Amino acid sequence: MAKKLTPRNKDFSEWYNQLVKEADLAEHSPVKGCMVIKPYGYALWEQMQKTLDTMFKETGHVNAYFPLFIPKSFLSKEAQHVEGFAKECAVVTHYRLKNDPNGKGVVVDPEAKLEEELIVRPTSETIIWSTYKNWVQSYRDLPLLINQWANVVRWEMRTRVFLRTAEFLWQEGHTAHATKEEAIEETLKMLEVYFTFAEKYMALPVIKGIKTENERFAGAVETYCIEALMQDGKALQAGTSHFLGQNFPKAFDVKFLTKENKWEYAWATSWGVSTRLIGALIMAHSDDEGLVLPPQLAPYQVVIIPIHKTEEEYQKVTAQCDVIAQQLKKANIRFKIDARKEFTPGWKYAEYELKGVPLRIAVGPRDVDNHTVEIARRDTKTKQSISADNLVQSVEKLLSEIQENIYQKALSFRKSMTTRVDTFKEFEEVLNEKGGFIEAHWDGTIETELKIKELTKATIRCIPINNALEEGKCVYSGKPSKQRVLFAINY
RNA sequence: CGGGAUGUGGCGCAGCCCGGUAGCGCACUUGCUUGGGGUGCAAGAGGUCGUGGGUUCAAAUCCCGCCAUCCCGACCA
């Protein structure tokens, strides 16, 4: 154990930053707030993409691609939308450079000024709805169920790798429907997709809920979300699904003729998750030894390490590794053999623990003789010697146990970090001493929400759906309330 | 944009207080050794000390400006 991460309980931010770097996920770029996603980090994103993309297609969506640049005027067509995003837009004003007349590098050519400035998309509602205008004329053209995988830019004041970067990768779904009911159904359907993805694949327990007016997406009628809890007791918004009503269709004049031959505006939704999910994954499961990845998303589910001294042993052991590899390949298990002679087994163990590979199989001369392998779990850090017979079944069983174990661990953590409070004094105490989610009554006004935020920095993460109704009094104002909402300090 | 900190080989840092021309660990190259929990030894390569100015015989070190990054706030996914 040479390389030690700063322990989580000492400095969680420091631990997170070191882990991202040491596990080879990403590094800072020369441009402030931007990151280089390294191959291992990108492989993780690809696993997420692959899974989500399949889920989107199974729910009837198709992929398309819309441009990076948006004419400035588009952004201002929806009033709330522009207000929400105007402060963080990168703007393209020129299209050409030239040699500096003073001989120092290149300068922007003042003669190459754009007639209309272009915004680098912070999100694509405007460019997409301006396009949908041409695609929608009749009820027969609906619904439009389109997703795009893209990068977006939001010029944030303060950035943090994966959690909030100036440029990030995401998917954004943008759908158009003939009726309000159908659009709301779509919004909820995609919320459910995100919920399933978080719980089943990321092993991340999340709360489904509705955002308050204050936290709602700029331009949405209703914002649904999934909220997760990180190991430091802070909440993280993991995905959002918006019912946009007719705001964008009206702003971009997207109308269609109904069966009854009447003009009507389309109904809209949008929904997205981003590379922020990688941050969520890290902060939910990993430990002081390094990453802990859920088997469902790990780039490698298994790493095989041959152990040998002599050349003869090397041949014998790697031959056995190849046999195992064939079996794993046949069973569609993602694996890697690390037969590099330059590194010792101990070094490799530490390396793959840091990288969060769920299972490690070591094969040495003794194993070949005994027809066994040594198999070690990343989540519990336990190892055992098992028979080389039925190895695939053992691996599959262990992988699903790990998936379930880290989910349960995160779930019981969330339970232990969710507190019901009924007085504001308790509210402040819990927040200061424990953190986590706080279930409390709220009078439903934006004034109270803002006041609580000002006093405690906690915000309403969501109004949980499927939440039992319960008469009570607002924790701050004492006014009547019908249900508890979820407060937390968030990322 | 406010508060704090930091900029020194690829990475992490020491040196700065008390000026004398740069060192350590990791990584890298070569050879041997070792190999079931980050082997050990030896040799080697690699640095405009963020940047611009000032003080001085002499600046990584002292003074002033600028820039960048990170952390903590305000803003946000």
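These numbers were taken from a predicted model, which means no experiment stands behind them.

Draft legend 1. Spotlight on the pairing of strand 20 (residues 372-377). Here strand 20 lies mainly inside the structure; five of its six residues are buried. Where strand 19 (residues 359-363) and strand 20 come together, four bridges link them in antiparallel fashion. Bridged to R360 within strand 20 is A376. As paired strands, strand 20 and strand 21 (residues 383-387) are joined by five bridges and run antiparallel to one another. Directly across from T372, in strand 21, lies its bridge partner S387. Counting the residues between successive antiparallel strands, the hairpin from strand 20 to strand 21 contains five residues, one of them, K381, with a positive phi of roughly 60 degrees.

Draft legend 2. Looking closely at the pattern of salt bridges. Tallied over the full model, the rule gives 31 salt bridges. Among the ionic pairs, K133 bridges to D253, the shortest N-O distance being 3.2 Å. Separated by 120 residues along the polypeptide, K133 in helix 5 (residues 125-135) and D253 in the loop between helix 7 (247-251) and strand 14 (255-257) bring together distant segments of the chain. With a shortest N-O distance of 3.8 Å, E454 and K451 are connected by a salt bridge. With E454 and K451 both in helix 14 (residues 446-456) and three residues apart, this pair spans about one turn of that helix. By relative accessible area, which is 60% here, E454 ends up exposed. Of the residues examined, K451 reaches a relative accessible area of 31% and is grouped as partly exposed. Beyond isolated ion pairs, a larger network of salt bridges with shared partners links D24, E27, K38, E351 and K355.

Draft legend 3. Representation of the environment of G272 in the model. Mapped onto the elements of the fold, G272 is located in strand 16 (residues 267-274). For G272, a relative accessible area of 10% translates into the label buried. Sequence separation between G272 and Y352 is 80 residues, and the spatial gap between their C-alpha atoms is 31 Å. Those residues within four positions of G272 in sequence are excluded, and the remaining contacts are Q171, Y194, G239 and T240.

Draft legend 4. How the structure looks around the sheet that holds strand 3 (residues 62-63). Ordered in space as 3-9-10-16-13-12-11-24-27-23-22, the 11 strands form an open sheet in which the pairing is mixed. Each edge of the open sheet is held by one strand with a lone partner, namely strand 3 and strand 22 (418-420). The sheet strands contacting helix 5 are strand 9 (144-153), strand 10 (167-177), strand 13 (235-245) and strand 16, and the helix crosses strand 10 at an angle near 30 degrees. In the packing of helix 12 (residues 391-416) onto the sheet, the strands contacted are strand 11 (207-210), strand 12 (222-229), strand 22 and strand 23 (437-441), and the crossing angle to strand 22 comes to about 25 degrees.

Draft legend 5. Inspection of the protein's contact with RNA strand B at higher detail. Every one of the 43 residues lining RNA strand B counts as a neighbour, but R158, R164, R276, T344 and W347 are closest to it. Per the 4 Å cut-off to the protein, sugar and phosphate atoms form 44% of the nearby atoms of RNA strand B. Here a sugar or linking oxygen of RNA strand B and a side-chain polar atom of K21 are 3.4 Å apart. For the surface near RNA strand B, the elements supplying multiple residues, two or more each, are helix 1 (12-22), helix 10 (345-354), strand 19 and helix 11 (365-370).

Draft legend 6. Examining the pairing of strand 24 (residues 459-464) more closely. Most of strand 24 is tucked away, with six of its six residues classed as buried. Alignment of strand 11 against strand 24, held across two bridges, turns out to be antiparallel. Residue pairing for strand 24: I210 is matched across the bridge by I463.

Draft legend 7. Spotlight on helix 14. The complete set of buried residues in helix 14 reads T448, E449, I452 and T456. Here the buried residues of helix 14 occupy an arc of 100 degrees about the axis, which is enough to place them on one side. Within helix 14, the exposed residues directed more than 90 degrees away from the buried face are E447 and E454. Of the residues flanking the end of helix 14, it is K457, one or two places downstream, whose phi is positive at about 75 degrees.

Parameters and conventions
- Here, residues in each chain are numbered from 1, in the same order as that chain's written sequence.
- Ligands are numbered from 1 and chains lettered from A, in the order in which they are written.
- Owing to the predicted nature of the model, reporting of local features is limited to residues with pLDDT of at least 70; listing and counting of side-chain atom pairs is limited to 80 or more, with chain, interface and lining totals taken over all residues.
- Working from all heavy atoms in the structure, the side-chain values ignore hydrogens and water.
- Only protein chains enter the accessibility calculation, which uses a 1.4 Å probe. A residue is then buried if its area is under 20% of the maximum for its type, exposed if over 50%, and partly exposed in between.
- Put simply, DSSP H or I for four residues or longer makes a helix, DSSP E for two residues or longer makes a strand, and each gets a number counted from the N terminus.
- Two strands form a pair only when DSSP identifies at least two bridges running between them.
- The salt bridge definition used is simple: a Lys or Arg side-chain nitrogen within 4 Å of an Asp or Glu carboxyl oxygen.
- Should any heavy atoms of two residues lie within 4.5 Å, those residues are considered in contact.
- Only the contacting stretch of a helix is used when fitting its axis, a line to C-alpha atoms as for every element, and angles between N-to-C directions run 0 to 180 degrees.
- Whether a residue is near a molecule or strand depends on its heavy atoms: if one lies within 4 Å, it is near.
- Think of a polar contact as two N or O atoms within 3.5 Å of one another; within protein, one of them needs to be a possible hydrogen donor and the other a possible acceptor, and neighboring residues in sequence only count if both atoms come from side chains.
- The directions considered for the arc are those from the helix axis to the C-beta atoms.

Without other data, these values stay purely geometric and don't point to any function.
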